Each structure stands twice: as structure tokens, then as C-alpha cells.
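# Structural overview for review
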Amino acid sequence: MKAEPLGFVSLLRCPYPSRYPPPMRPADLTPAELVDLLDDAYQESRGGPPSGLAPAEEAALADYLGCHPEQKAAVLHLWQERLAWQGGDPEDAEYWLDAEFVGPGQ
């Protein structure tokens, strides 16, 4: 049996899933998932481990929260509860979210 050579077209139809996920869509995430992402980004900004979020993902998350104040308020409330339970600083997190992450006027 003669094997067919692999060409460029064969590589385009790879049956294996990509190891890179599709772009993040914040609207598809639950409030708890949004809290996880925010907390990771916040911890990184305060000298913690890398969040794993690409700059484009951070921008998408910040834009989404800036354009959806009701979702931002709900996520902030959940996040502040988590931080208070963990002994974190809910006020600093709120400042970071408004002034540093989402930005003023959002």
C-alpha cells in the first residue's frame, strides 16, 4: 500500500483539536468564572503569580465589564464576598477594578 505524501492541505484538516482555545467571550462566562479571572488578574497586578490571561483577553474582560455595569456590580459583589472570606481587601479590589482594570468613565 502506497502512502500519500502529507501536503499543506492535509495539515489544514488536522483531526486533533487545537491546543489554543478560541478567543475568550466574557458574555459566555458565569459570574463565578468572571470572579476567578478578575481575581487572578488582580493578584498578578499586586505581585502575585501570572494570571495566564493574554492582554487581548484582559482587554475583552475590561471592555465587557465597562459596558455592562449590572454584570460588573454583580461580579464585584461576589468577588468582594470571596475576598472578605479569604482575608483579602475588598476595598482595594474595588479600587483596582474601577481605576486600574476597567478604567475611569467606564
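Residues numbered from 1 in each chain as written. Predicted model: local features only at pLDDT ≥ 70, side-chain atom pairs only at ≥ 80, totals over all residues. Heavy atoms only, no water.

## What about the pattern of salt bridges?
As a reminder of what qualifies: For salt bridges, the criterion is a side-chain nitrogen of Lys or Arg within 4 Å of an Asp or Glu carboxyl oxygen. Counting from the N terminus, the helices are the DSSP runs of H or I reaching at least four residues and the strands are the DSSP runs of E reaching at least two. Buried residues are those whose accessible area, probed at 1.4 Å on protein chains only, stays under 20% of the maximum for their type, while exposed residues exceed 50% and partly exposed ones sit between those limits.
Enumeration according to the criterion identifies 6 salt bridges in this entry. Its salt-bridge partner being Asp-92, residue Arg-46 comes within 3.1 Å of it at the nearest N-O pair. Placement of Arg-46 in the loop between α2 (31–45) and α3 (55–67) and of Asp-92 in helix α5 (residues 90–101) is noted, with a sequence separation of 46 residues between them. On the accessibility criterion, Arg-46 (36% relative accessible area) is partly exposed. Among the salt bridges present, the one from Arg-46 reaches Glu-100, with a minimum N-O distance of 3.2 Å. Of the two residues, Arg-46 sits in the loop between α2 and α3 while Glu-100 sits in helix α5, which places them 54 residues apart along the sequence. Within the structure, one salt-bridge network assembled from shared partners comprises Asp-36, Asp-39 and Arg-82.

## Brief notes about α5
Spelled out, the test is: Directions pointing from the helix axis toward each C-beta atom define the arc. We call two residues in contact whenever any of their non-hydrogen atoms come within 4.5 Å of each other. Polar contact criterion, stated in full: a pair of N or O atoms within 3.5 Å, where within protein one must be able to donate a hydrogen and the other to accept it, and residues adjacent in sequence count only if both atoms are side-chain atoms.
The complete set of buried residues in α5 reads Pro-90, Ala-93, Trp-96, Leu-97 and Phe-101. The arc that holds every buried residue of α5, seen down its axis, measures 120°, which confines them to one face. Looking at the buried side of α5, the elements it contacts are α2, α3 and α4 (69–86). Two or three places before Glu-91, at the opening of α5, Asp-89 has a side-chain oxygen 3.2 Å from that residue's backbone nitrogen. At the C-terminal side of α5, Gly-103 shows a positive phi close to 100°.

## Re the side chain of Gln-80
With respect to the helices and strands, Gln-80 occurs in helix α4. Within polar-contact distance, the side chain of Gln-80 engages the side chain of Glu-94 at 3.3 Å.

## Quick word on the packing of aromatic side chains
So the rule is basically this: We call Phe, Tyr and Trp rings a pair once their centres come within 6.5 Å, taking the six-membered ring for Trp, and we label the pair stacked below 30 degrees between planes, edge-to-face above 60, and tilted otherwise.
Scanning all chains against the criterion turns up 4 aromatic pairs. Geometrically, the ring pair formed by Tyr-42 and Trp-79 is edge-to-face, given 5.3 Å between the ring centres and 85° between the ring planes. One end of the pair, Tyr-42, is in helix α2; the other, Trp-79, is in helix α4, and 37 residues separate them in sequence. What makes Tyr-42 buried here is its relative accessible area of 6%. On the basis of relative accessibility, which here comes to 0%, the residue Trp-79 falls in the buried class.

## So, α4
Stated precisely, the cut-off is as follows: To estimate how far a helix should extend, the number of its residues minus one is multiplied by 1.5 Å.
A rise of 1.5 Å per residue sets the reference length of α4, with its 18 residues, at 26 Å; its end C-alpha atoms lie 25 Å apart and thus fit the reference within 8%. Restricting attention to buried positions, one finds in α4 the residues Gln-71, Lys-72, Val-75, Leu-76, Trp-79, Gln-80 and Leu-83. The buried residues of α4 occupy an angular sector of 160° when the element is viewed end-on, so they sit on one face. For α4, exposure combined with an orientation more than 90 degrees from the buried face picks out Glu-70 and Trp-85. The inward-facing, buried residues of α4 contact α2, α3 and α5.

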